[in-house]
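Chains, contacts and geometry: an overview
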Amino acid sequence: MKQQANLKSPIKDVNEQLNSIRNCFNPLYPLFTPRSRIVDHFSSRISFHSPSSFSDEDLYQHLQSLNLTFRASQVNHNSAAVITDGGVKKSHVATAAAYIWADNSVIKQLRVHSLNVTSIEAELMAIRTSLILAMEIDNIHDIMVITDSITAAKKILESKVNPLQNMFIPLAAAVKTFLSKDGRNKIRFWYCPSRAEWPRHKLVDDQVKASSCTPTFPSKESYLFSKKKECNNILCEWQTHFANSLKKGHYFLNFEDEKGIVIKPTYAKGGSWLPVIGFTNSLCAHFTCITTGHAPIGEYRQRFFPQLPTNCPCGKAKVQTREHIVMKCNRHDPSTQPCNTIINSFVHFLADNPEAFSFDNR
Ligand SMILES: [Zn+2]
């Protein structure tokens, strides 16, 4: 037993070192109690600017305003602009980078790394390190923070317990000190998505993407990272089970996405199939028929009602398969017929040919 305990100890230590979760909750921190929160005193001097919708037009308008505000900040000697970005590589190394601009030039550049954190934590890390630095610059009263994660930025005003809390406590405390110091001090957060390729943000984005850092030692995981890892493992198990299971039926049709990759089940964003189909009941019913093969067609009758006819009324197929109906049958407009199993093509076909796979069209 003694020997066993000796053997176990180092293994246990390594295991704990590798798998333990960083402490990230502090629900009793004074900054999060009512009447001490940033929003209770400084809500008029901290603002968030995002496009009014996800449309390209609104994004364009937003970027125009961002450009003008940035230029104005660079001619004001009491203003600085902080441009930040964060990202996580497949190696789980996170990079946070930022440029601090004042008087039309970059006065400071930052790049920091972390391990086993999620992308929102990388974004928050970028905002935290650069904004704290900018607030320490003499005679700066107006700071513009440009980020592609306004969600991460808004976390500094959250007062409820959340897994990022310990990460933004130093930032929230520094923001409160900065705003308390001078009535002119204000912070404006501007959203700038990486896909917009706004030139000054792209410089920072490129830094994050080009960064290569190899982890050489074990590291603890953030709570969110650990949760995400567990979730990914369960999802992977679910997808493998789905792929191998016969419960979905022998005739289950594996659709592909726009990239030609077979669609796997997922829980995110409404699932894998339903968001593509939309909310029309009849379309959804026909899509289910086509996917499972349980539809009033010859192929189905051949299996379950062999005494009934199996041919297609068009006269071109002895067995009316779903592939024949969708891709070859001359009863449907050829311009609506897909030539692959990409899910969108099938949904469009069903929308254009509502009689296909319906009980009225046997
Ligand atoms: Zn036919």
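Described in the following lines is the structure provided in the data block. (Residues numbered from 1 in each chain as written. Predicted model: local features only at pLDDT ≥ 70, side-chain atom pairs only at ≥ 80, totals over all residues. Heavy atoms only, no water.)

Moving on to the environment of Val117. Among the structural elements, Val117 can be located in the loop between strand 4 (105-115) and helix 4 (119-135). You can call Val117 buried: its relative accessible area is 4%. Separated by 25 residues in sequence, Val117 and His92 place their C-alpha atoms 7.2 Å apart. (Helix = DSSP H or I, 4+ residues; strand = E, 2+ residues; numbered from the N terminus. Buried < 20%, exposed > 50% of the residue type's maximum accessible area, 1.4 Å probe, protein only.)

The next thing to look at is the pattern of salt bridges. All chains considered together, the criterion is met by seven salt bridges. Among the salt bridges present, the one from Glu221 reaches Lys229, with a minimum N-O distance of 2.6 Å. With a relative accessible area of 5%, Glu221 lands in the buried category. (Salt bridge = Lys/Arg side-chain N within 4 Å of Asp/Glu carboxyl O.)

With that out of the way, let us pick up the coordination of the zinc ion. Bound to the zinc ion are the protein donor atoms Cys312 (SG), Cys314 (SG), His324 (NE2) and Cys329 (SG), situated 2.2 to 2.3 Å from the metal. In this structure, the zinc ion is coordinated by four donor atoms arranged in tetrahedral fashion, with angles at the metal of 104 to 119°. (Donors = N, O, S within 2.8 Å, 3.2 Å for Na, K, Ca; no water. Tetrahedral: all angles 85-135°; square planar, octahedral: opposite > 155°, others 65-115°.)

Here the focus is the state of the cysteines. By definition, a disulfide links the sulfur atoms of two cysteines through a covalent bond. Under the counting rule described, the total for this entry stands at zero disulfides. Looking at the unpaired Cys284, the closest cysteine sulfur is the one in Cys289, lying at 10 Å. Residue Cys289 is classed as buried on the basis of its relative accessible area, which comes to 15%. (Disulfide = S-S within 2.5 Å.)

Burial within strand 5 (residues 142-147) is extensive, with six of its six residues counted as buried. Residues of strand 5 alternate between two faces, with Asp142, Met144 and Ile146 on one and Ile143, Val145 and Thr147 on the opposite face, all of them buried. Both strand 2 (residues 79-88) and strand 5 contribute to a ladder of five bridges, which runs parallel. Within the sheet, the bridge partner assigned to Ser79 lies in strand 5 and is Asp142. As paired strands, strand 5 and strand 6 (residues 186-191) are joined by six bridges and run parallel to one another. Considered in strand 6, the bridge of Val145 is made with Phe189. (Pairing = 2+ DSSP bridges.)

What follows concerns the packing of helix 10 (residues 281-292) against helix 13 (residues 343-352). It is at 10 Å that the axes of helix 10 and helix 13 come closest, and there the two elements cross at 125°. Accordingly, the angle class assigned to the pair helix 10 and helix 13 is oblique. Handedness of the helix 10/helix 13 crossing: right-handed. Seen from helix 10, the contacting residues are Leu283, His286, Phe287 and Ile290; seen from helix 13, they are Ile343, Phe346, Val347, Leu350 and Ala351. Within the contact of helix 10 with helix 13, the residues separate by chemical class into eight nonpolar, one polar and no charged. (Axes fitted to C-alpha atoms, helices over the stretch in contact; angles between N-to-C directions. Parallel < 35°, antiparallel > 145°, perpendicular 65-115°, else oblique. Left-handed = near helix turned anticlockwise from the far one by under 90°. Contact = heavy atoms within 4.5 Å. Nonpolar A, V, L, I, M, F, W, Y, C, P; charged D, E, K, R; others polar.)

With that settled, the discussion passes to helix 6 (residues 165-181). Its 17 residues give helix 6 an end-to-end C-alpha distance of 24 Å, which sits within 8% of 24 Å, the value for a rise of 1.5 Å per residue. Of all the positions in helix 6, only Gln165, Met167, Phe168, Ile169, Leu171, Ala172, Val175, Phe178 and Leu179 are classed as buried. At its buried positions, helix 6 is contacted by helix 2 (38-42), strand 1 (46-49), helix 4, strand 5 and strand 6. (Expected span 1.5 Å × (residues − 1).)

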